[in-house]
Each structure stands twice: as C-alpha cells, then as structure tokens.
Amino acid sequence: MNKIWKGRISGNTNESVDEFTCSIDIDAKLYNQDIAGTAAYTIGLHNVGIINGQELKNILTGLVKIKKNIENGKIKTGKYEDIHSLVENELYHLVGEPALKIHTGRSRNDQIVLDERLFMKNAIVDMLEKMLNLQKAVVKLAQKEKGGVMPAYTHLQKAQPVLVSHYLLSYFDKFNRGIRRLIRNFNDCDYLPLGAAACTGSGYGLNLDLLKKLLKFSVLDSNSMDVVGSRDYMADFIYSCCMIMLDLSRFSEDLIIFNSQEFGFIDIDESYCTGSSIMPQKKNPDILELIRGKSSLVAGNLIQIITLLKALPSTYNRDLQEDKKIFFNALAETTSSIDMFSRILPNIRFVNTNMEKAAKSGYMEATEMADYLVSKGASFRNSHNIVGKIIKYCMENQAGLNSVPLDILKKYSPLFEKDVYESIKTESCIDSKKVGCGTASSEVEARIREAAGKISQIEKDVKSLAGRTTDLKEIIAIAGK
Ligand code: ARG
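Residues numbered from 1 in each chain as written. Predicted model: local features only at pLDDT ≥ 70, side-chain atom pairs only at ≥ 80, totals over all residues. Heavy atoms only, no water.

A. Expanded view of the overall build of the chain. Scanning the chain from N- to C-terminus turns up 20 helices and 6 strands. For the chain, whose C-alpha radius of gyration is 30 Å, the value lies well above the compact-globule estimate of 23 Å for 481 residues. Each principal axis of the C-alpha distribution contributes one length, and for the chain these read about 100 × 50 × 40 Å. Of all 481 residues assigned to the chain, the portion counted as buried reaches 49%. When contacts within the chain are restricted to residue pairs at least 6 apart in sequence, those whose partners lie at least 24 apart make up 76%. Here the chain contributes 62 positive and 59 negative side-chain charges, whose respective centroids are spaced 3 Å apart. (Helix = DSSP H or I, 4+ residues; strand = E, 2+ residues; numbered from the N terminus. Rg over C-alpha atoms; globule rule 2.2 N^0.38 Å. Buried < 20%, exposed > 50% of the residue type's maximum accessible area, 1.4 Å probe, protein only. Contact = heavy atoms within 4.5 Å. Lys, Arg positive; Asp, Glu negative; His and termini not counted. Charge placed at Lys NZ, Arg CZ, Asp CG, Glu CD.)

Here it is in structure tokens:
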C-alpha cells in the first residue's frame, strides 16, 4: 500500500493492519471535494510563496487529470489508504516533486473536515431539491382532493370530520420544517476548516480569507482544536434526515392503513404496488412499507453518530473515520425515500365515497352538538355531558345524532331548536373551524395558496444555496483571474 506517512514506522505494517485501517472504499466518494480542496489549498500555498507559478500550473493541470482518470476508472483506488493519499500519490506520478509540497501546513485532520463539509453542502442542496419535488406533489394532491372529506383520528379512533386537503397539508408543514432544518445544516457546515492543520493551526501565514473565497465558505472557523475533532455538523444533518424519515414513515403508515380493505380510503396505482409470490389476489403497498422500514436504519445512524462522538478525547481520533459510513448511509436512504415518496403520491387516488361514508358515521358531530349548546348559552362542560348522554341514547336505539327527533333532544336540554340539525352536518362541522390552522374550507383554500408562495420562496433559497457550492473548474477559473 502506498502510504504518505512511512518515515516513522520502520518496515511495512502488517497487511491485516492496512486492510483494517484503510478507508478508501468509503471515502473515494469524496474525490471531487478532495481534489477541489487541494486545488484551492495549492493556490493558497502559491500565495504565500511556497509553490511557484509553474508548479501551481502543473499541479492544477495534474488535479484535473486525476479527476478525469478517477471518472474513467483509470486509477486503481484499492492500492491507497484513503482519498488523500490517492490524490497526493497520483499527483506525484503526474507532476513529480511539486506534489510533495501540497501538504505543507495541512493535515488529513483538517482536510477530511473540508472534504466532508464541501460534500455536505452539495448533498444538502440535492436533498432540498428532492424535498421541493415532494412538497409540490403534496400540494398538487391537496389541490386535486379539494372538497373531499374524511375522518380525522386521534388514538386511531374517529374524532372529527376534516377536509382531505387539510390532512395532506399537515405533511406540507412537517416537510417545511424539514427543509428549514436542512437550510440551517447548510449554514452550519459553511465554515472553512483549513488552517487548523493537525490540531493547533497552520504555521505558514496562509491567507485564509483567500481560501474561504476560493472554496465559497462564508465563515472562518475560530479554533483549530475544535475543527479537527467536531462532527456536530454531521450529527445535525443526520438528525434532519432522521426527522424527514420519521415524517415519511408516519405518512406511509397512514397510507398503508388507508389502503387496507377495511378502510378503502385510497387506491395506489398498480405501477407502484407489488404482488405476492403465493397469494394471487394480493396488491401490496411495499414501497410505503420499505420507507417505514428504512426510517429505522436512519434512526440507527443518528444513534451511531452520537455514540461515535460521545467520550472522544479532544481533537482528532481515528474513530472519526467511521463517520462517513454513517453519513453516506443516512444520506442515501433519506434521498431515495424522499424521491420515491414524491413519485408515489401522484399515483394515489382518494376514494371519496368511502371516506365520506366514514366521515358521516361514528358520532363525529358530537363536539359540534356541544358547541351548538354553547352558542345557546350553556357551559361547554355541561354541554359535553348532555351530548354524551344523547350518544348513549343513540347507541341503544341504533340512531345517528342527526336522526334523534327534536322532542327527544329537548328532554336532554331545552336549548335545542331545529337549527341544531344544520349545525351538525358534516360540512358545518368542517366549516366552523375558521381559525388559521383549522379545516374550514376557506382556511384550507388560503393555506393551499400560501403553500405555492412558500414553495417559490424555497426555490429561491435553494438556488442561492446552490450558488454557495463550488467545484474544481470554478476554483481554477477564479485562480486564473
Ligand atoms: N481517513 C481519515 C478520516 O476519515 C482521515 C484523517 C486521518 N488522520 C490521521 N491522523 N490518521 O478521518
């Protein structure tokens, strides 16, 4: 194995050690960031006179070549310990001696943080774009299902009638918080770690503002010991992934229940269902079940990153190398789940007849009937009691609340008049909830309109974040100016 630290260790390390400590199979994914970071760093070294103009030119050309060679599969990654050694060694093959200068005042400890943060900034933008597609799918469905009614459940027991759009938009709000978390995560890894070196800082008078500009970071880190040993930017991001997965899992669980024959509230297009190898009649919602299942993997990743950090001594420890397995897994599972969910949503049809039927049974107008008595001057607690008794009557007589004759209602309270029947209609139950967060159709219409505005604002925000990411080409272009 081609190592960049062989001076101090005499002879060769045992092969099993090489295999055990090597991370190239995981961190090769960071090649773009490692190469871009190295390009910017070399420009920084040139700026303080460590690398001359010709050397800089050769190194930048070499780095472009290495990137190409990796992408064409011309480099055998297996012979290197990690992505940092790969880039340095390959550069040496291409440009010779000058390559031996690129690690001046830099350590793999600050370098890996740089690679991770650069990678995360891009990954967050990608994930945000996927979240935007998901939000558009949610709003589109809410718009399409306007007018549909269904039961809202608490304790998975029928509670009160609600608009289908209102139910769907509840996920729009959850996902919006997910988006805001991701934007915060982007800002939290927008700090330049270079200059920290191994743990006490670099001694070569580097112009960190220049590096910050080249790599498009917004802020300089202010403590080298913190930089090389902290991964909270990653833990925060994995928490965000985890919350998105939990929300997707709960949405999936709702839809799996709604899709059951017992509920029959939704129908999923066959192109998004699977069959059974033994039961010919089956049409299963496997995608939703897998998303629910994958949420447990990402929850596991959150525990992994937290326990990785717990009780580590200050600054860099090799344990931190394991962070990438955790991070890449959370990223891959979350991204594919968001993507899949936004694809399945347009393939879901709400079965209005079944939902409406369900929304009109189960005494869900009971709260409205109590509210009616309140509007006639009764206290809510007494009204609640009275309606509870009427429901008992209904159960004994197999009647619905709306079919109890007025003279019987009057026995329970003299405040009942014939307008009570109008006030407990499903539509009245829904339209009486005229608060900003309520299910009244006028409110839900307004929320749907606002959602479109929120989406276009997020689109702008994501575009501006995308402008704060960088790549090798851009760095070389700035250097050329
Ligand atoms: N592969 C290492 C990681 O991912 C890079 C830093 C190695 N530093 C060291 N001192 N061995 O964390």
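There is more to say after this.
B. Quick look at the site of the ligand. The full set of residues close to the ligand is Ser23, Asp82, His84, Arg108, Asn109, Ile112, Tyr316, Arg318, Gln321 and Lys324. A distance of 2.5 Å separates an oxygen atom of the ligand from a polar side-chain atom of Tyr316. A distance of 2.6 Å separates an oxygen atom of the ligand from a polar atom in the side chain of Lys324. The protein chains hide 87% of the 340 Å² of surface that the ligand would expose on its own. (Near = heavy atom within 4 Å. Polar contact = N/O pair within 3.5 Å; in protein donor to acceptor, adjacent residues only side chain to side chain. Areas by Shrake-Rupley, 256 points an atom, 1.4 Å probe, with all protein chains shown as cover.)

C. Structural detail: unusual backbone geometry. With phi around 55°, Leu156 is a residue other than glycine that occupies positive phi space. By secondary structure assignment, the location of Leu156 is in the loop between strand S1 (149-154) and strand S2 (157-163).

D. View of the pairing of S2. Judged from the 6 bridges that link them, S1 and S2 form a sheet pairing that is antiparallel. In the strand pairing of S2, Tyr153 is matched with Lys158. Between S1 and S2, which follow one another and run antiparallel, lie 2 residues, and His155 among them has a positive phi close to 55°. (Pairing = 2+ DSSP bridges.)

E. Broad picture of the pattern of salt bridges. Considering all chains together, one arrives at 27 salt bridges under this definition. In this structure, Asp82 and Arg108 form a salt bridge, with 2.7 Å as the shortest nitrogen-oxygen distance. Within this pair, whereas Asp82 is found in the loop between helix H4 (53-71) and helix H5 (83-95), its partner Arg108 is found in helix H6 (residues 108-144), the two being separated by 26 residues in sequence. A relative accessible area of 22% places Arg108 in the partly exposed class. Note that Glu116 is salt-bridged to Lys324, the shortest N-O span being 3.3 Å. One end of the pair, Glu116, is in helix H6; the other, Lys324, is in helix H12 (residues 323-344), and 208 residues separate them in sequence. By relative accessible area, which is 3% here, Glu116 ends up buried. (Salt bridge = Lys/Arg side-chain N within 4 Å of Asp/Glu carboxyl O.)

F. Summary view of the side chain of Ser295. Residue position: Ser295 is located in helix H11 (residues 286-309). A polar contact is formed between the side chain of Ser295 and the backbone oxygen of Arg292, at a distance of 2.6 Å. Sequence-distant contacts of Ser295, defined by excluding residues within four places in its chain, comprise Met245, Leu246 and Ser249.

G. Region of the structure containing the side chain of Asp115. Among the structural elements, Asp115 can be located in helix H6. Buried charged residue Asp115 carries no salt bridge. Nearest counter-charge: Arg106, at 6.5 Å. Ignoring any residue separated from it by four or fewer positions in sequence, one finds Asp115 in contact with Leu30, Gln33, Asp34, Ile83 and His84.

H. Layout of the nonpolar core. Among the nonpolar cores identified, the biggest contains 87 residues, and Phe237 and Phe251 are the most heavily contacted of them. Among the elements that line this core, the one with the most residues is H6, at 17 residues. Ignoring sequence-local partners within four residues, the contact set of Phe251 consists of Val138, Tyr167, Leu168, Tyr171, Phe175, Phe341 and Leu345. By size, the runner-up hydrophobic cluster in this structure holds 37 residues, among which are Cys22, Ala40, Ile59 and Ile70. (Core = buried A, V, L, I, M, F, W, Y, C linked by side-chain atoms within 4.5 Å.)

I. A look at H6. The end-to-end C-alpha separation of H6 is 53 Å, in line with the 54 Å expected for 37 residues at 1.5 Å each. Across the 37 residues of H6, 27 count as buried, placing the element largely inside the fold. (Expected span 1.5 Å × (residues − 1).)

J. Expanded view of H5. For H5, with 13 residues, the first-to-last C-alpha span of 18 Å sits near the 18 Å given by 1.5 Å per residue. The buried fraction of H5 is high, at 10 of 13 residues. For H5, the full list of buried residues reads Ile83, His84, Ser85, Leu86, Val87, Glu88, Asn89, Glu90, Leu91 and Val95. In this structure, the buried side of H5 is in contact with helix H2 (24-27), helix H3 (31-47), H4 and H6. Where H5 ends, the next residue or the one after it, Gly96, has phi of about 70°, a positive value.

K. Molecular detail of a positive patch on the surface. A grouping of Arg177, Arg180, Arg184 and Lys454 is seen on the molecular surface, where their side chains present a positively charged patch. It is helix H7 (residues 164-188) that contributes the most residues to the positive patch, 3 residues altogether. Tracing the backbone shows Arg177 in helix H7. (Patch = residues over 30% accessible without salt bridge, like charges linked within 9 Å, V, L, I, M, F, W, Y side chains within 5 Å.)

L. Structural detail: the packing of aromatic side chains. Following the criterion strictly, the structure yields 17 aromatic pairs and no others. The interplanar angle of 80° and the centroid separation of 5.9 Å between the aromatic rings of Phe119 and Phe327 together place this pair among those described as edge-to-face. Here the residue Phe119 occupies a position in helix H6, and Phe327 occupies one in helix H12, the gap between them amounting to 208 residues. For Phe327, a relative accessible area of 3% puts it in the buried group. Plain terms: the ring middles of Phe263 and Phe265 are 5.2 Å apart, the flat faces sit at 75° to each other, and that makes the pair edge-to-face. The class for Phe263 is partly exposed, based on a relative accessible area of 24%. Following the ring pairs from residue to residue traces out a cluster consisting of Tyr153, Tyr167, Tyr171, Phe175, Phe251, Phe258, Phe263, Phe265 and Phe341. Stacked on the ring of Phe217, the Lys or Arg Lys121 has its end atom at 4.5 Å from the ring centre. (Phe/Tyr/Trp six-rings, centres within 6.5 Å; stacked < 30°, edge-to-face > 60°. Lys NZ or Arg CZ within 6 Å of the ring centre and 35° of its normal.)

M. Representation of the packing of H11 against H12 within the structure. It is the contact of H11 with H12, at a shortest axis distance of 9 Å, that shows an interaxial angle of 155°. Judged by the angle between their axes, H11 and H12 are roughly antiparallel. Crossing hand, H11 versus H12: left-handed. Together, Ile287, Leu288, Ile291, Lys294, Leu297, Val298, Asn301, Gln304, Ile305 and Leu308 of H11 and Asp323, Ile326, Asn329, Ala330, Glu333, Thr334, Ser337, Met340, Phe341 and Ile344 of H12 make up the contact between the two elements. For the contact of H11 with H12, a count of residues per class yields 12 nonpolar, 5 polar and 3 charged. (Axes fitted to C-alpha atoms, helices over the stretch in contact; angles between N-to-C directions. Parallel < 35°, antiparallel > 145°, perpendicular 65-115°, else oblique. Left-handed = near helix turned anticlockwise from the far one by under 90°. Nonpolar A, V, L, I, M, F, W, Y, C, P; charged D, E, K, R; others polar.)

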